[in-house]
Amino acid sequence: MKPYKGYSATVSFDEDALLFHGEVLGIRDVITFQARTAEELPKAFHESVDDYLEWCAQDGAEPERPFSGSLSLRATPELHRRMTDAAARNAKSLNQWMVEALMERANEDLGGVLRIG
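What you see is a predicted model, and the numbers here were worked out from it, not measured in a lab.

About the criteria used
Residues numbered from 1 in each chain as written. Predicted model: local features only at pLDDT ≥ 70, side-chain atom pairs only at ≥ 80, totals over all residues. Heavy atoms only, no water. Pairing = 2+ DSSP bridges. Helix = DSSP H or I, 4+ residues; strand = E, 2+ residues; numbered from the N terminus. Phe/Tyr/Trp six-rings, centres within 6.5 Å; stacked < 30°, edge-to-face > 60°. Buried < 20%, exposed > 50% of the residue type's maximum accessible area, 1.4 Å probe, protein only.

Here's the deal with the pairing of strand E2 (residues 19-25)
So, step 1. Bridge count between strand E1 (residues 8-14) and E2: seven bridges; the pairing is antiparallel. Across the sheet, residue Asp14 finds its bridge partner in E2, namely Leu19.
So, step 2. Linking E1 to E2, which pair antiparallel, is a turn of four residues; within it Leu18 sits at a positive phi near 55°.
So, step 3. Inspection of the sheet shows E2 paired to strand E3 (residues 32-35) by four bridges, in the antiparallel sense. The residue bridging Gly22 from the neighbouring strand is Phe33, located in E3.
So, step 4. Hairpin connection of E2 to E3: six residues between the antiparallel strands, including Gly26 at a positive phi of 85°.

This is how it looks when you write it as structure tokens:
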């Protein structure tokens, strides 16, 4: 699914019910949707996100937003030093080196290729 208003979703197919089921990723609130055909999926996804945002507005609640792209990492002093040395050896900032290392690992674990930027 292509992101919509900053939200992404995953979709599965229920062969018994002949339905696609989707769920918005990256937030604690639960936003789900379903459709009978692949063509109906984007509309169902968009409607569910819009309904969620409308519900939050009516309730006076701040809607959860998926990942900001900023995270905190805790490491041992030795690992911190080694990462800093590795980044310097590759003429990169520690942040750039970490993003690339984490991206490589995520691509290995999840398959596919996601690129930075």
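Here's the deal with the packing of aromatic side chains
So, step 1. Scanning the model with the defined rule gives four aromatic pairs in all.
So, step 2. Members of the aromatic cluster, connected to one another through ring pairs, are Tyr4, Phe33 and Phe45.

Some remarks on unusual backbone geometry
So, step 1. Look at Lys5: it is not a glycine, yet its phi comes out positive at around 55°.
So, step 2. With respect to the helices and strands, the residue Lys5 is situated in the segment before E1.
So, step 3. Under the relative-accessibility criterion, Lys5 is labelled partly exposed at 49%.
So, step 4. If you check the backbone angles, Leu18 has positive phi at about 55° while not being a glycine.
So, step 5. Given a relative accessible area of 52%, Leu18 falls into the exposed group.

Remember that the coordinates give geometry; whether it matters functionally is a separate question.
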